[in-house]
Amino acid sequence: MNLIQACIFDLDGVIVDTAVYHYQAWKRLANELGFDFTEEDNEKLKGVSRMASLDLILQWGGLTKTHAEKEVLATLKNTWYVDMIAKMTPAEVLPGAREFVESCKASGIKTALGSASKNSETILAKVGISHLFDVVIDGNKVSKPKPDPEVFLKGAEELHIAARNCVVFEDAIAGLEAAKNAGMLAVGIGSPKTLIQADLVVSGLDQMDSKKLIDLGLLIQ
Ligand code: BG6
Ligand code: MG
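Please read these numbers as outputs of a predicted model, since none were measured by experiment.

Novice: Would you explain the pattern of salt bridges in this entry?
Specialist: Pairing of side chains with opposite charge becomes possible as their charged atoms draw close. For the structure on display, the rule yields 11 salt bridges. Close ionic contact of Asp10 with Lys146 constitutes a salt bridge, the shortest N to O distance being 3.1 Å. Here Asp10, found in the loop between β1 (6–9) and α1 (19–32), pairs with Lys146, found in the loop between β3 (135–137) and α7 (150–159); they are 136 residues apart in sequence, far enough to count as distant. The buried category is assigned to Asp10, whose relative accessible area is 5%. Classification of Lys146 as buried rests on a relative accessible area of 8%. The closest approach of N and O atoms between Asp41 and Lys44, which form a salt bridge, is 3.2 Å. Its relative accessible area of 48% is what places Lys44 among the partly exposed residues. A cluster of three or more residues bridged by salt bridges with shared partners is formed by Asp10, Lys146 and Glu170.

Novice: How do you make sense of the site of ligand 1 when you look at a structure like this?
Specialist: The environment of ligand 1 is formed by 15 residues, the closest being Asp12, Val48, Ser117, Lys118 and Asn119. Within the side chain of Arg50, an N or O atom sits 2.8 Å from an oxygen atom of ligand 1. Residue Asn119 places a side-chain N or O atom 2.7 Å away from an oxygen atom belonging to ligand 1. Taking 390 Å² as the accessible area of ligand 1 by itself, protein coverage stands at 96%. Each residue belonging to the shell around ligand 1 can be placed in one class, and the counts come to four nonpolar, seven polar and four charged. Counting the residues that make up the shell around ligand 1, at least three belong to each of domain 1 (6–16 + 92–217) and domain 2 (19–85).

Novice: How do you make sense of the pairing of strand β4 (residues 166–170) when you look at a structure like this?
Specialist: Across a regular strand the side chains alternate sides, sitting on one face of the sheet and then on the other. Burial runs high along β4: five of the five residues are buried. On β4, burial covers both faces: Cys166, Val168 and Glu170 on one face and Val167 and Phe169 on the other are all buried. As paired strands, β4 and strand β5 (residues 185–189) are joined by four bridges and run parallel to one another. Bridging from a neighbouring strand, Glu170 pairs with Gly188 of β5. A crossover connection joins β4 to the parallel β5 through helix α8 (residues 173–181); in handedness this β-α-β unit is right-handed.

Novice: For this particular structure, what's the right way to read the state of the cysteines?
Specialist: Defined simply, a disulfide is a covalent bond joining two cysteines at their sulfur atoms. For the structure on display, the rule yields zero disulfides. Free cysteine Cys7: the closest other cysteine sulfur is in Cys104, separated by 3.8 Å. Residue class for Cys7 comes out buried when judged on its relative accessible area of 0%. Cys7 supplies the cysteine sulfur nearest to Cys166, a cysteine that is in no disulfide, at a spacing of 8.6 Å.

Novice: How should I be thinking about the sheet that holds β4 in this particular structure?
Specialist: In a beta sheet, neighbouring strands pair by backbone hydrogen bonds and run either parallel or antiparallel. With respect to topology, six strands assemble into an open sheet ordered β3-β2-β1-β4-β5-β6, the strand pairing being parallel. The open sheet has two edge strands with one neighbour each: β3 and β6 (200–202). Each adjacent strand pair in this sheet contributes to an overall mean axis angle of 20°, direction not counted. Examined bridge by bridge, strand β2 (residues 110–114) and β3 share three bridges and lie parallel to one another. Across the sheet, Ala112 pairs through a bridge with Val135, a residue of β3. Packed onto the sheet, helix α5 (residues 97–106) meets β1, β2 and β4 and runs at close to 155° relative to β1. Those strands touched by α8 are β4 and β5, and its axis lies near 170° from that of β5.

What counts as what
Residues numbered from 1 in each chain as written. Chains lettered and ligands numbered in written order. Predicted model: local features only at pLDDT ≥ 70, side-chain atom pairs only at ≥ 80, totals over all residues. Heavy atoms only, no water. Salt bridge = Lys/Arg side-chain N within 4 Å of Asp/Glu carboxyl O. Helix = DSSP H or I, 4+ residues; strand = E, 2+ residues; numbered from the N terminus. Buried < 20%, exposed > 50% of the residue type's maximum accessible area, 1.4 Å probe, protein only. Near = heavy atom within 4 Å. Polar contact = N/O pair within 3.5 Å; in protein donor to acceptor, adjacent residues only side chain to side chain. Areas by Shrake-Rupley, 256 points an atom, 1.4 Å probe, with all protein chains shown as cover. Nonpolar A, V, L, I, M, F, W, Y, C, P; charged D, E, K, R; others polar. Domains from an automatic or database assignment. Pairing = 2+ DSSP bridges. Right-handed = clockwise from strand over helix to strand, strands pointing away. Disulfide = S-S within 2.5 Å. Axes fitted to C-alpha atoms, helices over the stretch in contact; angles between N-to-C directions. Contact = heavy atoms within 4.5 Å.

This is how it looks when you write it as structure tokens:
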């Protein structure tokens, strides 16, 4: 018997690779403000909310802005980002993601999206997978950013599944911390060297299967 009753997926970096679009839009903003940042710095923005990302970038550029100025800059970045995601197609779903979520549903496991992004619904619709998630919790529905567990606890609540029977799939350290703070199992998507909080690390959802999910369920006390 599988003790896992729900799988909760982060979006950016787990289901789709929108990180590259976030990076291009933030880089353009930084460049227009007169500085640049590296792809390595960009890693620190993964899983981080829009405003918190802007704060980090301004810090890297040594700039201080008022709240009103930051609102303008974040909106400008989002306009460029929205232009890019408007062109996304189903081919941009990461390898194995669609198949794994479908296999969860087929075996009676509930599915939820748990993302910091306020653009989640648009992205899911553009890549044609909105129907794969029983529940979508995103940046529009939560007030506390990851590593706060709010996004995942809300997902479990809306699915009517206990937190201990949920497993979260995350590519960001802050996201894995949020899963652990929620009392959930956590699968890291990426490298075991960086994703040390995870109960299991795989390079992508194409490396997940029902056997690994059942084995994970055995960790539930
Ligand atoms: C997260 C991304 O999923 O969403 C972050 O990893 C991003 O890079 C955050 O900043 C917020 O996204 P959005 O679409 O609301 O600006
Ligand atoms: Mg992510």
